[in-house]
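# Structure assessment
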Amino acid sequence: MIIGPKLYGLVLAGGKSTRMGKDKGLIHYHGMPQREYLYHLLGRVCEETFMSVRPEQSKEITADFQLIEDMDEYKGPFNGLLSAHKKYPEAAWLVLACDLPLIDLKSLQELIAARDPNVFATSFAHEENPLPEPICAIWEPLALEKAKQYLDEGNGSCPRKFLINSEVKLVFPQDSNVLMNANSEEEYKEAIVKLSTE
């Protein structure tokens with residue numbers, strides 16, 4: 001049994017989805033908008049779950065979902081992550097981006113079972129290219145405190161670069177397909193094919 005900060009879930013749904021040309025959080029891969037699917041998935045493994053959104057998105061989401069509005073203090077995924085950390089600084093966050101159409105319950109359970117609360121993050125990675133996947137990872141509170149410092153020092157806003165330079169536990173999922181990103185129309189079609197053959 002892992003003892004560490006409580007684990008909350010965060011769906012990063014506030015991105016602009018410019019490459020896809022439509023909101024990735026609203027795409028139906030599993031019979032509902034992807035942001036809702038991920039929210040329910042995280043709800044099965046985390047103490048509390050939240051959706052990270054831009055302020056203007058809040059109006060379109062029903063009261064069934066707990067929201068954290070981006071405070072726009074930082075760029076990219078750090079915007080949602082650090083807005084969540086500011087609200088609940090004592091929690092660790094299992095973070096998922098909306099561009100992960102194949103992520104499933106089994107892989108999340110795998111990641112949680114491998115969690116090491118004594119490092120900055122426990123992150124999924126591809127075995128052939130072992131770099132942390134920051135938007136499919138468990139971020140410990142200390143990591144997010146240090147990330148603020150890192151960003152304030154002008155080191156750029158890339159969460160992967162931050163994790164590469166930090167103490168991180170890498171986990172290689174049994175099914176590497178769960179890490180497939182769908183950021184374009186082509187990748188969307190590829191994901192649909194993969195889902196239909198599973």
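Up top you'll find the structure we're talking about.
Let me sum up the structure you'll find in this document. Every residue gets a number counted from 1 within its own chain, in the order that chain's sequence is written. Residue-level local features of this predicted model are given only where pLDDT is at least 70; pairs of side-chain atoms are given and counted only at 80 or more, and the full residue set underlies all totals for whole chains, interfaces and linings. Working from all heavy atoms in the structure, the side-chain values ignore hydrogens and water.

Turning to the packing of helix 2 (residues 77-87) against helix 4 (residues 141-152), a few remarks are in order. Axis lines are fitted through C-alpha atoms, for helices just across the contact stretch, and the angle between N-to-C directions can take any value from 0 to 180 degrees. Here a strand is any run of E in DSSP of at least two residues, a helix any run of H or I of at least four, and the numbering for each starts at the N terminus. At their nearest, the axes of helix 2 and helix 4 sit 10 Å apart, and the two run at 125° to each other. One finds that helix 2 runs oblique with respect to helix 4. For the pair helix 2 and helix 4, the crossing hand works out as left-handed. Between helix 2 and helix 4, the residues in contact are Phe78, Leu81, Leu82 and His85 and Pro141, Leu144, Glu145, Ala147, Lys148 and Leu151, respectively. Split by residue class, the contact of helix 2 with helix 4 holds seven nonpolar, one polar and two charged. Throughout, the term roughly parallel applies to angles under 35 degrees, roughly antiparallel to angles over 145, roughly perpendicular to angles from 65 to 115, and oblique to all others. Whether a crossing is left-handed or right-handed is set by the direction in which the near helix is turned from the far one by less than a right angle, anticlockwise for left-handed and clockwise for right-handed. Every residue pair with non-hydrogen atoms within 4.5 Å of one another is taken to be in contact. Polar here means any residue outside two lists: the nonpolar Ala, Val, Leu, Ile, Met, Phe, Trp, Tyr, Cys and Pro, and the charged Asp, Glu, Lys and Arg; Gly therefore counts as polar.

Turning our eyes to something else, we now look at the packing of aromatic side chains. Aromatic pairing here means that ring centres of Phe, Tyr or Trp (its six-membered ring) are within 6.5 Å. Orientation follows from the plane angle: under 30 degrees is stacked, over 60 is edge-to-face, and everything else is tilted. For the structure on display, the rule yields 13 aromatic pairs. An angle of 75° between the planes, with centres 6.1 Å apart, marks the rings of Phe78 and Phe162 as edge-to-face. One end of the pair, Phe78, is in helix 2; the other, Phe162, is in helix 5 (residues 159-164), and 84 residues separate them in sequence. Neither Phe78 nor Phe162 differs from the other in exposure class; each is buried. Here Tyr150 and Phe162 contribute two aromatic rings whose centre-to-centre distance is 5.0 Å and whose plane-to-plane angle is 65°, an arrangement assigned as edge-to-face. Of the two residues, Tyr150 sits in helix 4 while Phe162 sits in helix 5, which places them 12 residues apart along the sequence. Throughout, exposure labels follow a simple rule: accessible area from a 1.4 Å probe, protein chains only, divided by the maximum for the residue type, with under 20% read as buried, over 50% as exposed, and the rest as partly exposed.

What follows covers the sheet that holds strand 1 (residues 7-12). Strand pairing in a sheet relies on backbone hydrogen bonds. The paired strands run either parallel or antiparallel. Read across the sheet, seven strands follow the order 3-2-1-4-6-5-7 without closing on themselves; strand pairing throughout is mixed. Since the sheet does not close on itself, it has two edges, and those belong to strand 3 (67-69) and strand 7 (168-171), each with one partner. Neighbour-to-neighbour, the strand axes of this sheet turn through a mean angle of 25°, independent of strand direction. Pairing between strands requires that DSSP locate at least two bridges from one strand to the other. Strand direction decides the pairing type here: strand 2 (residues 48-53) and strand 3, joined by three bridges, are parallel. Bridge pairing links Val53 to Glu69 in strand 3. In the packing of helix 2 onto the sheet, contacts are made with strand 1, strand 2, strand 3, strand 4 (92-97) and strand 6 (136-139), and the angle to strand 1 comes to roughly 145°. This element, helix 3 (residues 105-113), spans strand 1, strand 4, strand 5 (121-124), strand 6 and strand 7 of the sheet and lies at about 145° to strand 5.

What follows is about the pairing of strand 5. Side chains Ala121 and Ser123 of strand 5 all project onto a buried face; the interleaved residues Thr122 and Phe124 project onto the opposite face, where all are buried too. Bridging between strand 5 and strand 7 involves four bridges; their strand directions are parallel. If you follow Ser123 over to strand 7, its bridge partner there is Leu170.

Okay, the side chain of Asn183 next. Turning to its location among the elements, Asn183 is positioned in the loop between strand 7 and helix 6 (185-197). A relative accessible area of 12% places Asn183 in the buried class.

Pairing between side chains of opposite charge can happen when their charged atoms approach one another. Between Lys or Arg on one side and Asp or Glu on the other, a salt bridge is scored when a side-chain nitrogen of the former is within 4 Å of a carboxyl oxygen of the latter. Considering all chains together, one arrives at eight salt bridges under this definition. Measuring nitrogen to oxygen at the nearest pair gives 3.8 Å for the salt bridge that ties Lys24 to Asp99. Residue Lys24 is located in the loop between strand 1 and helix 1 (34-43), and its partner Asp99 is located in the loop between strand 4 and helix 3; the two are separated by 75 residues in the primary sequence. Note on Lys24: relative accessible area 17%, which makes it buried. We note a salt bridge from Glu140 to Arg115, for which the minimum N-O separation is 2.8 Å. Remark: Arg115 occurs in the loop between helix 3 and strand 5 and Glu140 occurs in the loop between strand 6 and helix 4; sequence separation between them is 25 residues. Given a relative accessible area of 2%, Glu140 falls into the buried group. Classification of Arg115 by relative accessible area gives buried; the value is 10%.

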